[in-house]
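Observations on the three-dimensional arrangement
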Amino acid sequence: MGTAASTRSRRQWPLTALVVLVYIFLVAPSLIVIIISFGDTDEYMFPPRRLSFYIYQLYFNDVQWLNATRQSFIVAGLTMVLSMAVALPAAYATARFTFFMRAGLNYLLILPAVVPNVVIAVGLYFYLGQLGLNGTTTGLVLGHTLIAAPFSFIMILAGLRQVDPNLEAAARIMGASELRVLTRVTIPLLLPSIVGGALIAFLMSFDEFIIAFFISSSATETLPVRMFAAIRWEISPIIAAVSSLLTLVSLVAVMLVTLGASRKRAAPSSEG
Amino acid sequence: MIFALPMVLMLVLLFAAPMAIVIYMSVHVSKLSGSYYTLEFYRQAITDSLYLSVYWNTVAISVLSVAVGLLLSYPVAYHLSRQTVRVRALLSALVLLPFYTSILVKSYAFTVILGDDGVINQMIGLVFGESTRVSLLFNRTGVIIAIVHFVIPLMVFPILASLVAQPPALRTAAEVMGASNARIFWRITFPLSLPGVATGAIMSLIMSLGIFITPALLGGRRDMMIANLINYYLRETLDWQIAAALSIVLLAIGMIFVVMLMRLRGAQLFTNAS
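This is a predicted model, so every value here is computed, not measured. (Residues numbered from 1 in each chain as written. Chains lettered and ligands numbered in written order. Predicted model: local features only at pLDDT ≥ 70, side-chain atom pairs only at ≥ 80, totals over all residues.)

Below, the discussion takes up the overall build of chain A. Per the secondary structure count, chain A includes 12 helices and 0 strands. When the helices and strands of chain A are placed in sequence order, the string is α-α-α-α-α-α-α-α-α-α-α-α. Projecting the C-alpha coordinates of chain A onto the three principal axes gives extents of approximately 75 × 70 × 30 Å. In chain A, buried positions account for 43% of the 272 residues. (Helix = DSSP H or I, 4+ residues; strand = E, 2+ residues; numbered from the N terminus. Buried ≥ 20, exposed ≤ 12 C-beta atoms within 10 Å, placed from the backbone.)

Moving on: the overall build of chain B. Of the regular secondary structure elements, chain B holds 12 helices and 2 strands. Along the chain direction, N to C, the helices and strands of chain B fall in the order α-β-β-α-α-α-α-α-α-α-α-α-α-α. Counting only C-alpha atoms and orienting by the principal axes, one finds that chain B spans roughly 80 × 65 × 35 Å. Taking all 274 residues of chain B together, 43% fall into the buried category. In chain B, the share of contacts with a sequence separation of at least 24, taken over all contacts with a separation of at least 6, comes to 73%. (Contact = placed C-beta atoms within 7 Å.)

Bringing the interface of chain B and chain A into the picture now. As a measure of interface size, the accessible area lost when the parts come together is often cited. Taken residue by residue, the interface counts 66 residues in chain B and 77 residues in chain A. It is helix α1 (residues 5-27) of chain B that contributes the most residues to the side of chain B that touches chain A, 12 residues altogether. Residue composition of the side of chain B that touches chain A, grouped by class: 52 nonpolar, 13 polar and 1 charged. (Nonpolar A, V, L, I, M, F, W, Y, C, P; charged D, E, K, R; others polar.)

Before going further, it helps to spend a moment on the packing of helix α4 (residues 63-96) of chain A against helix α9 (residues 178-207) of chain A. Residue and element names in this part refer to chain A. Remark: α4 packs on α9, axes separated minimally by 8 Å, with the N-to-C direction vectors making an angle of 140 degrees. As judged from the angle between their axes, α4 and α9 are oblique. Both α4 and α9 take part in a crossing whose hand is right-handed. Residues S72, V75, A76, T79, M80, S83, M84 and A87 of α4 form the contact with α9, whose own contacting residues are G197, A198, A201, F202, S205 and F206. (Axes fitted to C-alpha atoms, helices over the stretch in contact; angles between N-to-C directions. Parallel < 35°, antiparallel > 145°, perpendicular 65-115°, else oblique. Left-handed = near helix turned anticlockwise from the far one by under 90°.)

Okay, the environment of A:A158 next. All names here are of chain A. With respect to the helices, strands and loops of the structure, A158 is situated in helix α7 (residues 137-162). For A158, a count of 19 C-beta atoms within 10 Å translates into the label partly exposed. Taking the C-alpha atoms as reference points, A158 and N67, separated by 91 residues in sequence, lie 37 Å from one another.

Attention now goes to the domain arrangement of chain A. Residues and elements named next belong to chain A. We note that the domain assignment places domain 1 (2-36) and domain 2 (60-266) within chain A. Domain 1 puts 4 residues into the contact, and the matching count from domain 2 is 4 residues. Broken down by class, the residue content of the side of domain 1 that touches domain 2 amounts to 3 nonpolar, 1 polar and no charged. (Domains from an automatic or database assignment.)

The next point concerns the pairing of strand β1 (residues 28-31) of chain B. Two faces make up the sheet, and in a regular strand the side chains alternate between them. Residue and element names in this part refer to chain B. As judged from the 4 bridges shared by β1 and strand β2 (residues 34-37), these two strands associate in the antiparallel manner. The residue of β2 that forms the bridge with S30 is S35. Between the end of β1 and the start of β2, which pair antiparallel, lie 2 residues. (Pairing = 2+ DSSP bridges.)

Let's shift gears to helix α8 (residues 168-176) of chain B. Little of α8(B) is tucked away: 0 of the 9 residues are buried. Phi turns positive one or two residues past the end of α8(B), at B:G178, with a value near 90 degrees.

Residues and elements named next belong to chain A. For helix α2 (residues 13-36), with 24 residues, the first-to-last C-alpha span of 33 Å sits near the 34 Å given by 1.5 Å per residue. Along α2, the sharpest kink reaches roughly 40 degrees, centred on V27 and followed within four residues by the proline P29. Within α2, the full set of buried residues consists of V19, V22, L26, P29, S30, I32, V33 and I36. (Expected span 1.5 Å × (residues − 1). Bend = angle between axes of the 7 residues up to and from the residue.)

Here the focus is the environment of B:G219. Residues and elements named next belong to chain B. Along the chain, G219 turns up in the loop between α10 (213-218) and α11 (226-236). By the C-beta count within 10 Å, which is 23 here, G219 ends up buried. For the pair G219 and T58, spaced 161 residues apart in the sequence, the C-alpha separation amounts to 12 Å. With sequence-adjacent residues up to four places away left out, G219 is seen in contact with F138, R140, G142 and V143.

All names here are of chain B. Looking at chain B, the pLDDT average stands at 91 and 97% of residues meet or exceed 70. Between residues 270-274, whose pLDDT stays under 50, and residues either more than four places distant or in other chains, the model counts 13 contacts. In the predicted complex, the global pTM is 0.89; the interface-specific ipTM is 0.90. (pLDDT = per-residue confidence, 0-100.)

This part covers the nonpolar core. Proteins that are soluble and globular tend to have nonpolar side chains buried together. Among the nonpolar cores identified, the biggest contains 158 residues, and A:A87, A:V122 and B:L246 are the most heavily contacted of them. Per element, the largest residue contribution to this core is 16 residues, and it comes from helix α7 (residues 140-164) of chain B. For this core, the two domains that each supply at least three residues are domain 1 (2-36) and domain 2 (60-266) of chain A. When sequence neighbours within four positions are dropped, the list of residues in contact with A:A87 reads A:A149, A:S152, A:F153, A:I156, A:G197 and B:M7. (Core = buried A, V, L, I, M, F, W, Y, C linked by C-beta atoms within 7 Å.)

What follows is the structure in structure tokens.
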């Protein structure tokens, strides 16, 4: 038995080596950016000669970068609220009620998720332009809600399918009103999916580039738009600091997802 | 159903209406001398040799990146599927990190890594002497490396899902009957994982066909993809009709793959992706 296992692991070392290389390839860009961000010169250096917070100081003293950062948080926050406001009831409707064309509606609601974002951005550019919303925060939030809401919808719908409708039925039999069933049974059980749906809407808006690139103005530019301009036209070291801060945001998201996954596995129902 | 109404309304106002305008723009001309409908822009969009070469770039770069990405994703997914649940969750974080990292951060990192004075060339210089340089940035190699990096997480998770879903008893049965590891893999594990492979590959293709940032920041002039061309006509030359027609062409190419994906997955288009 022991020899069989060791033959197997000996045979598998090329696979393991390849996999390790792919992991390095996947993580290296983030790591290198973080290391560069602690350099102490305006030219990027890898590895930096001396570690410092110089580049972070530049970032926190640059009004244009700070404005873009604040704008991204505002747009992503509003997008999150609006996405949840439309996706939550829609997911509830398609999960709990049967009606004419329900399957068709499911497809329809996630349609924007499979259309290339650049095509949506062209449409919004024409459309919001005619409404006089190009260059406004309102226009950005509307555009981002369109692409974020389908993902919130998918996550909440998946969660609702896990919540046993019998629990809701039991509450009803015991005399709870519809509102009470919703607030005391369905929503508490659904909470992880609601949080997940809100998080994905926030992150999608926060990372979104092409729509913001087309419809924001210099006064309403978001962080990705600012970054694109900086990478393309300037040789600003600030990009490294911003990238590291964004990597930190992604790390938090990864931790939340990993934690959520291990929580789910701890529950007896979901595996198998 | 009344609860779905707000979202349906949003789709009509923010999706259907803008798309209708794009279609209208692509077939309608209004000049001082009068306005009329025409398919001229589509004729241009599918015959002009400049556009055809950009479509070819787009498809070639996407297909090559997805193929390379697949060759790297499958071993990772396979390796993950053989780990205990705890180890798998930990190692998955290494794949999730790039998945949740902004493509702008990654593009910036690749300009630093792949540049003539970048990390890779510094290492090459150390090994082969100072003057040795490999050109990796502002050409197709750079674009493909970055898109491969972008699509690997999109493929690992669907493949992993289809590997984990296989009943372990199948493997045991084959082992008991004396099948070698290689035979078990090629006759059982791999064929059963093909739906996951196809889902991941098609999703990655859809995503990379419309990509804008990577060719704009890491490519050269000859690596323009459809999204860059659309941006050029929409924002720089203000040829809105041709920009609209090109958008519809890109949409049509994308939809071919979406239909394939729907055939494959049924209604749960994305449920395994996140």
